[in-house]
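# Observations on the model geometry
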Amino acid sequence: MALLEIMIAGAPVLRKNAEKVTRFDKKLGKLLDNMAETMYFAEGCGLAAPQVGLSKRAVVIDDGNGIQEFINPIFKFQEGSCTNVEGCLSVPNYEGEVERAEKVGVEYQDRKGNRKYIEADGLLAIALQHETDHLDGVLFIDKASVIMPKEKEE
Ligand code: CO
C-alpha cells in the first residue's frame, strides 16, 4: 500500500463533478486500499477519491466500525436535520457547523461492482453526505453556517 497526497482546498480537482466508476478492477481495489491507508494516517474518518487527485466517484469511511467503501453512491432518501461540527482533510486547520440530514438511505456499489443499499444515521450518515459532496465538487465550507479555526490538540 502507499500513502497518497491529499489535495488541499484550492486544487481544481476538488471542484469537479467526479466521474462514475465503470471499471471494477484491481486498480480500483488498490486505489481504495491506498485511500484507506491515507485516511488512517491523516486521522480522518472519511476520504473521497477527488481528495487524492482522482476525479472518480469512490469514497472510504470509518465511523468507528471499520473501513467501509462506497462506489457511485446515490441518495435514495434524506430525512430530518441535525447540525454538527465538521472538519475535512482538504481544509486543514478549520472546522465548521454544517446542517445535514439526520438519516439517509444510499444505493452504492462495492469494489467488485455488486449493488448495495444502506440506511444510516449518526456519524455514518453525516460522513456519507460530506464525502458524497466531495464527488460533486462541494466542500463543507460551502455549506457551513459558522467556520472557525480548529482547536489545537494538546
Ligand atoms: Co472532506
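First, a word on scope: everything that follows refers to the structure included in this document. (Residues numbered from 1 in each chain as written. Predicted model: local features only at pLDDT ≥ 70, side-chain atom pairs only at ≥ 80, totals over all residues. Heavy atoms only, no water.)

### Focus on helix H2 (residues 122-135)
Basically, it comes down to this: What counts as a helix is a DSSP run of H or I of at least four residues, what counts as a strand is a run of E of at least two, and both are numbered from the N terminus. Any helix carries an expected span of 1.5 Å times its number of residues minus one. Each residue's exposure class comes from its accessible area (1.4 Å probe, protein chains only) as a fraction of the maximum for that residue type: buried when under 20%, exposed when over 50%, partly exposed otherwise.
Along its 14 residues, H2 runs 21 Å from first to last C-alpha, staying within 8% of the 20 Å computed at 1.5 Å per residue. With 12 of its 14 residues buried, H2 lies for the most part within the structure. Taken residue by residue, H2 has Leu124, Ala125, Ile126, Ala127, Leu128, Gln129, His130, Glu131, Thr132, Asp133, His134 and Leu135 as its buried positions. Phi turns positive one or two residues past the end of H2, at Gly137, with a value near 75 degrees.

### Observations concerning the environment of His134
Here is the rule we go by: For this analysis, residues touch if any pair of their heavy atoms sits within 4.5 Å.
Its location among the elements puts His134 in helix H2. Since its relative accessible area comes to 0%, His134 is described here as buried. In this view, His134 contacts Leu14, Lys16, Ala48, Pro50, Gln51, Cys88 and Leu139; residues no more than four positions away in its chain are not counted.

### Side note on the pattern of salt bridges
Formally: Throughout this description, the term salt bridge denotes a Lys or Arg side-chain nitrogen within 4 Å of a carboxyl oxygen of Asp or Glu.
Here the structure, examined in full by the defined rule, presents 11 salt bridges. Asp142 is the partner of Arg15 in a salt bridge, and the nearest nitrogen-oxygen pair spans 2.7 Å. Here the residue Arg15 occupies a position in the segment before helix H1 (26-41), and Asp142 occupies one in helix H3 (residues 140-143), the gap between them amounting to 127 residues. Residue classification places Arg15 among the partly exposed residues on the basis of a relative accessible area of 43%. Relative accessible area serves as the criterion here: at 42%, Asp142 is assigned to the partly exposed category. Between Glu119 and Lys103 there is a salt bridge; the shortest N-O distance is 4.0 Å. A residue pair is termed long-range when its members are at least 10 positions apart, and Glu119 in strand S7 (residues 115-121) and Lys103 in strand S6 (residues 103-109) qualify at 16 residues.

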